[in-house]
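Close look at the chain arrangement
Spelled out from the first residue to the last, the chains are:
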Amino acid sequence: MGGCATALAACRNGLNVIMTEETGWIGGQASVQGVPPDEHQWIETTGAPAAYREYRRRVREYYRLNYPMTEAARQNPILNPGSGGVSRICHEPIVTVQVLLQMLVPFMSTGHLRIVYHTKPVAAEMSGDNVSAIIVRNIQTGDCTTLHGKYFADATDLGELLPLTGTEYVTGAESREQTGEMHAPAVADPTCNQAFTYCFAMDYIDGENHVIEKPKDYEYWRNFSPLLNPAWAPGKLLCEDYVYPSNPSELSRAYFNPLVRELGHGFDWWNYRKIINKDNFVAGTYPSDVTMVNWPQNDYFDGNIIDVSEREYVRNIEASKQLSLSLLYWLQTECPRRDGKMGWSGLRLRGDIFGTEDGLALAPYIRESRRIKALMTVTEAHVGKDQRLAETGLSVAAKFDDSVGIGYYHIDLHPSCSGVSYIDTGCLQFQIPLGAMIPIRVENLLPVCKNIGTTHITNGCYRLHPVEWSIGEAAGCLMAFAMSKSMLPREVREDKTRMEEFQRMIVKQGIKLDWYEV
């Protein structure tokens, strides 16, 4: 999302852009990874740039123009295609791809933008504190190409350009002594990275048998005990009983029943991330609702994928796929049912949603990245609800003079590969400071997603779809502005007059700097 927003803003401001993508789809979290937009409760009216709100509008319009919808759904101004509970706009990943291409294709037509698929960065050429080139490799052919540019934006989910360019970065959890954060651990742990997840889509055809072949690692995951209580009260990962991290003292049973469209009690996994509600479409269009599985039960925290050997990386990627397939197989064969039966054999893996042979998403959903050592780092003291109230008596986030965007999400950290359980705590409506987007040394590399200068704690609220978009859009604008003034990004930030001029520029382009602007 950050990369697409960067390209959109840079092209809009007259720059030429080459955007590389490791898969055959653009869109990151909302497409390749299969995660419906995680957004805040004010998203329909405020709290995001105009371009992101246009993306959301186009998603709804895409369904109205191209799908056989019921008249009620077509006329619904806040259409939620899937009626999923996690977002007000749950939809299919391919729709995000099509909408983003709609927004970008005018710049492709004029030659301002080129998208290169199935390509990943493998090396960098440096000239002092500047990146002079990035070498990329086509993962299908093995051919390498050297890309030169005035600026480089790291929109990779793991911050892959940072080690390649020697840009200083941190990983995992900082200590309380380092950051002063209320929820930071006593001892720093660079390996404490959040779980990642291989999402998959499924529907349910009652009376049919769609049970997949038993995954080779099923027995391992069937008996896996994460020892991260109280998140899993029975001690098993593959189970229904799940304690909400925000209320760990009370067991709240989560329900799974694809035959029940709405539940008035408990937590409902089937409807949680539903991307197609068949009732929104003309009768007979879909035989079933379609739901996306991105649950605690397929969060993979049994190994790390940041700064590990290639062999360990591949092992953990494969193991996470096995976990997701094992969860599906468990749902099909052993999941307890309220009618006394076991399993839902009619659950059908919808690999066609992603076009993948294994039925899983094109890439894993990554929650935590390498993060730059930035000119300033956003900490819990800036945005954490409890810490702000305790230290300042205020229930508003810190104000940043160099704000280039706004966002909100609660501080939500999933279990880590170091054995740390959930951290789930309140956040305040926050700003995105430009200082968190500028590395302490390297001059022409900008992070444009979850690799900005946050901490392990504040990554939990800066990592979601609209915030990534906001970061990317600000970066694309900054590159154009800095080039037009023959300045470096850090010089723009340090020059009060130029900084204010830049802020006026991005406000005119639909970017909000403050939640409380009139």
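Look up a bit, the structure's there.
Predicted, not measured: the structure shown is a model, and the values here were computed from it.

**A word on the packing of aromatic side chains**
The tally for this structure, following the rule as stated, stands at 25 aromatic pairs. Measuring from centroid to centroid gives 6.0 Å for Trp-221 and Tyr-300, while their planes differ by 70°, and the two rings are edge-to-face. Here the residue Trp-221 occupies a position in helix H7 (residues 218–222), and Tyr-300 occupies one in strand S15 (residues 299–300), the gap between them amounting to 79 residues. An aromatic cluster is defined as three or more aromatic residues linked by ring pairs; in this entry it consists of Tyr-204, Phe-256, Trp-269, Trp-270, Tyr-272, Trp-295 and Trp-344. Sitting above the plane of the Trp-344 ring, Arg-337 keeps its charged end 3.7 Å from the centroid.

**Considering the sheet that holds strand S3 (residues 119–127)**
The strand order S3-S4-S5 describes an open sheet built from three strands, whose pairing is antiparallel. Each edge of the open sheet is held by one strand with a lone partner, namely S3 and strand S5 (144–148). Sheet twist, expressed as the average angle between the axes of neighbouring strands with direction ignored, equals 25°.

**Thoughts on unusual backbone geometry**
Not every positive phi belongs to a glycine, and Ser-83 is a case in point at roughly 55°. The exposure class of Ser-83 is partly exposed, given its relative accessible area of 33%. Of note in this structure, Asp-307 is not a glycine but carries a positive phi near 55°. Mapping Asp-307 onto the fold places it in the loop between S15 and helix H9 (310–333). With a relative accessible area of 43%, Asp-307 lands in the partly exposed category.

**Considerations on the packing of helix H2 (residues 50–66) against helix H13 (residues 465–484)**
Interaxial distance between H2 and H13 falls to 9 Å at its minimum, and their mutual angle equals 130°. Considering their axes alone, H2 and H13 lie oblique with respect to each other. Considering the relative orientation of H2 and H13, their crossing is right-handed. Here H2 contributes Ala-51, Tyr-52 and Tyr-55 to the contact with H13, which in turn contributes His-465, Pro-466, Trp-469 and Glu-473. Split into classes, the residues belonging to the contact of H2 with H13 amount to five nonpolar, one polar and one charged.

**Here we look at the sheet that holds strand S13 (residues 274–276)**
If you walk across this open sheet you meet the four strands as S13-S14-S9-S16, and the pairing is antiparallel. Of all strands in the sheet, those bounded by a partner on one side alone are S13 and strand S16 (347–349). Taken pair by pair, the neighbouring strands of this sheet meet at an average axis angle of 35°, ignoring direction.

**A few points about empty space enclosed by the protein**
Evaluated as defined, the whole model comprises two cavities of 30 Å³ or more. Space inside the largest cavity adds up to approximately 80 Å³. What lines the largest cavity is a set of 13 residues, among which Asn-193, Gln-194, Phe-196, Asn-304 and Ile-305 lie closest to the centre. Here the lining of the largest cavity is built from residues that sort into seven nonpolar, four polar and two charged.

**Points about the packing of helix H1 (residues 2–12) against H13**
Following both chains from N to C, one finds H1 and H13 inclined at 30°, their axes separated by 7 Å at the closest point. Regarding the angle of H1 to H13, the classification is roughly parallel. At the point where H1 passes H13, the crossing takes the right-handed sense. For the pair H1 and H13, the contacting residues are Gly-2, Ala-5, Thr-6, Leu-8, Ala-9, Ala-10 and Arg-12 in the first and Glu-468, Trp-469, Gly-472, Glu-473, Ala-475, Gly-476, Cys-477 and Met-479 in the second. Classifying every residue of the contact of H1 with H13 gives eight nonpolar, four polar and three charged.

Each value, and the rule that gives it
In every chain, residue numbers begin from 1 and rise along the written sequence. In keeping with the predicted nature of the model, local features appear solely for residues at pLDDT of at least 70, side-chain atom pairs appear and are counted solely at 80 or more, and the whole-chain, interface and lining totals rest on all residues. Remark: hydrogens and water are excluded; side-chain values derive from all non-hydrogen atoms of the structure. The rule is short: rings of Phe, Tyr and Trp, with Trp giving its six-membered ring, pair when the centres are within 6.5 Å, and they are stacked under 30 degrees, edge-to-face over 60, tilted in between. In this description a helix means any DSSP run of H or I spanning at least four residues, a strand means any run of E spanning at least two, and both kinds are numbered starting from the N terminus. A positively charged side chain is recorded as over a ring if its NZ (Lys) or CZ (Arg) lies within 6 Å of the ring centre. The angle to the ring normal must also be within 35 degrees. Only strands that DSSP links by at least two bridges are regarded as paired with each other. Angles here are taken between N-to-C directions and fall from 0 to 180 degrees, while the axes themselves are lines fitted to C-alpha atoms, restricted in helices to the stretch in contact. When a residue's accessible area, from a 1.4 Å probe over protein chains only, is under 20% of the maximum for its type it is buried; when over 50% it is exposed; and in between it is partly exposed. Should an angle fall under 35 degrees it is called roughly parallel, over 145 degrees roughly antiparallel, and 65 to 115 degrees roughly perpendicular, with every other angle called oblique. In this scheme, a crossing is called left-handed if the near helix is turned counterclockwise away from the far one by less than a right angle; it is called right-handed if the turn is clockwise. A contact between two residues is defined here by any heavy atoms of the two lying within 4.5 Å. Throughout this entry, Asp, Glu, Lys and Arg are counted as charged residues, while Ala, Val, Leu, Ile, Met, Phe, Trp, Tyr, Cys and Pro are counted as nonpolar. The remaining residues, Gly among them, count as polar. We place a 1 Å grid over just the protein atoms. Points where a 1.4 Å probe fits but has no way out form a cavity, open points with protein on both sides within 12 Å along at least 5 of 7 lines form a pocket, and any residue with an atom within 4 Å of a point lines it. Grid points are joined across faces, edges and corners, and a volume is the space filled by probe spheres set on the points.

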